[in-house]
Amino acid sequence: MNQMHFQVDARLATLLSQEYASTEKAIKELVDNAWDADASTVRISLPAPMTQEPITVSDDGSGMTEEELRRHYLFIARDRRAGKGERTAGKKRLIKGRKGIGKFAGLMAASVMRLETKARGRWSRIHLTLEELAKAEDIEHLPLNHEVSDCPESEHETNIILTDLHQGLAYPDPDKLRQVLLQEYGREDDFSIFVNGKELGIDDVRGTYHEEAEALEATGDVRLRFSISDGKASLRQPGITLRVDGKAVGKPSFFGLDRTDDFPRKLLNKLFGEIDADGLAPHVTAGWGEVLENSELMKEVEAYLQPRLREAFQIHYGQEMQLAQARLQKAVKERLAKLPEYKREFAERAIKRVLDRFYGEPESKVEPMVFVLLEALERSDYRALMEHIAEASRGEIGTLADALGDFGLADMAHLVQQAEARSLYLDQLERLSDDPKTREVQMHVAIENALWIFGPEYSLFSSNQTLKKQVEEYLGKQYKGNHASKRPDLLLSENLNEEYLLIEFKRPDHGLTYADYQQLTGYRNDLSASSGKTIRVLLLGGRKGGDLRSSQYVEPNTTVMLFNDVISSARRQIAWLLRKGD
């Protein structure tokens, strides 16, 4: 039987070099190779337009010997991971080279590529041209100009020099290259990239750059650097990186700005920066993955950051945000005026949240959402029924009785609608309480404005800023320094009869103990002394620990509840309402 073999045309190299959509992306592929070689620094030199200067990409990575060039670099389409694993040998980086064709990236921009590399006392140089490739019939038999000489054992580097640049293509743009590299390497600590002598940094984000330093009262010196992008696309890793003693702590975040209702979520994806705050070192977790949740120092940093970020965004995008709101506000002004005052205030807040959340979306998409929201508020109003009753009062008694009957039916329908909404709320609350990752503060936020779940006697309690400040001042005195990490999460509320309710939230996976009970009653005693009022207390958690028995807590106005029991009881109330509605 005669055998046949594949042949690989030398044109393959040219085809592979054309995989890249731009010269800048082709150069990025060469930077990826430096990353895989465990380089710490890459220096890129780009020519001025209409000159004969070369493109150079130099790195201080591991380099290659003559044998490594032959067996690995010149092996086309070789998956580096197959032989060396998913990570690099030295710095344990995730390998980026997966296709084994990045070596031809330089030929996308130039006709001639020269590679110089040093490793383990050997200096190797190879030379490749598109002209030679075009003449060869089989790339496997293409002779490469290769030189080898000795060099000091300590030297290791790789240089790629691209000459005879393609005149039919625009020369690589330094600013555009920086944008491409920022998306991939803007957050790396041990990988510095220089383009035409300038190190890649936050100020390279296309948009507005801000930098300032300040000494905070408790945290000490902080230094903030950030840019707000004016590009259409979102940044790949938006947010502010926290650095403590020069090391990044956790992932980039928005320092609470993402938890507010009045800031457009889409704009957060335009933020790129970092803040140095060495004073947070005592509150960084052992794994360097995050800052302690109850850190007062972190709260101080957030309080410093948020207004500065808001001001910068207001300057950069404020006019667009105001114009978008003004157009819709004008369109709904008359309808807002017809709503009752309490609903009008709610509607204005809700409309603003819609505008913020869908910032950047076409007005044709946002406007229907706003009008559906208004429609729902108008339809749940009793105005039409009240006008009907007022009209009936001037007629016969029978007419008035019918009108009152209509009102009762509508009122019951409204209660059923509210019951269905509350049922959905309980579903999500139960999901939150069943998640072991849920923290005390998250349960606090979810329940703070829905105390009806504890029963009718709790439904009139509500929080206010004065009580929040009172709790904040009390905890600020009791929990500071190293003791700050043990700070509890307390909610103090008041009802119409000026009765106080104090709730302590424990995370759902915490077993309530007798010590928790004693601690909460101690908080009550302290707060009662300062307020002069009787305070009911409620200890709320996921389950009871072994040492907490019902007979142990006998103080008046004291209750221990579990999330599952509270949710089950609330469901029974709703089920009763729904049965009555039917």
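Above: the structure in question.
Let me begin by describing the structure that accompanies this report. Since the model is a prediction, treat every value here as computed from it, not as a measurement.

1. A short note on empty space enclosed by the protein
Step number 1: Scanning the entire structure with this criterion turns up one cavity of 30 Å³ or more.
Step number 2: Size it by volume and the largest cavity reaches roughly 40 Å³.
Step number 3: Along the walls of the largest cavity sit Thr23, Ile55, Ala109, Leu165, His166, Leu169, Ala170, Tyr171 and Pro172, which together make up its complete lining.
Step number 4: Its residues assigned to classes, the lining of the largest cavity comprises seven nonpolar, two polar and no charged.

2. Considering the environment of leucine 548
Step number 1: Mapped onto the elements of the fold, leucine 548 is located in the loop between strand 18 (543-544) and strand 19 (558-562).
Step number 2: In the structure, leucine 548 is positioned 35 residues away from threonine 513 in sequence and 5.2 Å away in space, judged by C-alpha atoms.

3. A short note on the pattern of salt bridges
Step number 1: In the structure shown here, the tally under the stated rule is 35 salt bridges.
Step number 2: Among the salt bridges present, the one from glutamate 147 reaches arginine 125, with a minimum N-O distance of 3.6 Å. Here the residue glutamate 147 occupies a position in strand 5 (residues 145-150), and arginine 125 occupies one in strand 4 (residues 122-129), the gap between them amounting to 22 residues.
Step number 3: For glutamate 147, a relative accessible area of 48% translates into the label partly exposed.

4. Quick word on the pairing of strand 7 (residues 192-195)
Step number 1: Pairing geometry for strand 1 (residues 41-45) and strand 7, over four bridges, is parallel. Note on strand 7: the bridge partner recorded for threonine 41 is serine 192.
Step number 2: Pairing of strand 7 with strand 8 (residues 198-199), which is carried by two bridges, proceeds in the antiparallel orientation. In the strand pairing of strand 8, valine 195 is matched with lysine 198.
Step number 3: Counting the residues in the hairpin turn of strand 7 and strand 8 gives two residues, including asparagine 196, whose phi is positive at 50 degrees.

5. Examining the sheet that holds strand 11 (residues 239-244)
Step number 1: With mixed pairing, the five strands of this open sheet are ordered in space as 9-10-13-11-12. Every other strand in the sheet has two partners, leaving strand 9 (207-216) and strand 12 (247-253) as the edge strands with one partner each. Put simply, the sheet's adjacent strands are angled 15 degrees from each other on average, direction ignored.
Step number 2: Across five bridges, the pairing between strand 11 and strand 13 (residues 271-276) is parallel. The residue of strand 13 that forms the bridge with leucine 242 is isoleucine 275.

6. So, the packing of aromatic side chains
Any two aromatic rings considered together are summarised by their centre-to-centre distance and by the angle between their planes.
Step number 1: Scanning the model with the defined rule gives five aromatic pairs in all.
Step number 2: Ring centres of tryptophan 35 and phenylalanine 191 lie 5.3 Å apart, and the angle between their planes is 90 degrees; on these two criteria the pair is classed as edge-to-face. A residue pair is termed long-range when its members are at least 10 positions apart, and tryptophan 35 in helix 2 (residues 23-36) and phenylalanine 191 in the loop between helix 6 (174-185) and strand 7 qualify at 156 residues. Like tryptophan 35, the residue phenylalanine 191 is buried in the burial classification.
Step number 3: Judged by centre distance (5.6 Å) and plane angle (55 degrees), the ring pair of tyrosine 425 and tryptophan 452 falls under tilted.

7. As for unusual backbone geometry
Step number 1: Phi at lysine 92 takes a positive value of approximately 55 degrees, unusual for a residue other than glycine.
Step number 2: Locating lysine 92 in the fold gives a position in the loop between helix 4 (80-84) and strand 3 (110-119).
Step number 3: At aspartate 164, a residue that is not glycine, the phi angle is positive and equals roughly 55 degrees.
Step number 4: Among the structural elements, aspartate 164 can be located in strand 6 (residues 157-165).
Step number 5: The partly exposed category is assigned to aspartate 164, whose relative accessible area is 48%.

8. Remarks on the pairing of strand 2 (residues 55-59)
Step number 1: Every second residue of strand 2 is oriented toward a common face, the buried set being Ile55, Val57 and Asp59 and the non-buried set Thr56 and Ser58.
Step number 2: Two elements, strand 1 and strand 2, share four bridges in a ladder whose sense is antiparallel. Paired with valine 42 across the two strands is aspartate 59, which belongs to strand 2.

9. Here we look at the nonpolar core
Step number 1: Core analysis: the largest hydrophobic core is formed by 47 residues, its most contacted members being Val31, Ile44, Leu162, Leu181, Phe191 and Ile193.
Step number 2: In terms of residue count, the dominant contributor to this core is helix 2 (six residues).
Step number 3: Sequence-distant contacts of phenylalanine 191, defined by excluding residues within four places in its chain, comprise Val31, Ala34, Trp35, Ala39, Ser40, Val42, Arg93 and Tyr185.
Step number 4: Ranked by size, the runner-up nonpolar core spans 30 residues in total, among them Leu271, Leu297, Tyr304 and Leu309.

10. Quick look at the sheet that holds strand 19
Step number 1: Within the open sheet, the four strands sit side by side as 14-15-17-19. Their pairing is mixed. Of all the strands in the sheet, just strand 14 (489-494) and strand 19 have a single pairing partner and so form its edges. Mean inter-strand twist for the sheet, computed between neighbouring axes without regard to direction, equals 20 degrees.
Step number 2: As judged from the five bridges shared by strand 17 (residues 535-541) and strand 19, these two strands associate in the parallel manner. Its bridge partner lying in strand 19, valine 537 is registered against threonine 558.
Step number 3: Against the sheet, helix 14 (residues 465-478) engages strand 14 and strand 15 (500-505), with an angle of about 145 degrees to strand 14.

Scoring rules and cut-offs
Residues numbered from 1 in each chain as written. Predicted model: local features only at pLDDT ≥ 70, side-chain atom pairs only at ≥ 80, totals over all residues. Heavy atoms only, no water. 1 Å grid on protein atoms, 1.4 Å probe; cavity = no way out; pocket = protein on both sides within 12 Å on 5 of 7 lines; lining within 4 Å. Points joined across faces, edges and corners; volume = space filled by probe spheres on them. Nonpolar A, V, L, I, M, F, W, Y, C, P; charged D, E, K, R; others polar. Helix = DSSP H or I, 4+ residues; strand = E, 2+ residues; numbered from the N terminus. Salt bridge = Lys/Arg side-chain N within 4 Å of Asp/Glu carboxyl O. Buried < 20%, exposed > 50% of the residue type's maximum accessible area, 1.4 Å probe, protein only. Pairing = 2+ DSSP bridges. Axes fitted to C-alpha atoms, helices over the stretch in contact; angles between N-to-C directions. Phe/Tyr/Trp six-rings, centres within 6.5 Å; stacked < 30°, edge-to-face > 60°. Core = buried A, V, L, I, M, F, W, Y, C linked by side-chain atoms within 4.5 Å. Contact = heavy atoms within 4.5 Å.

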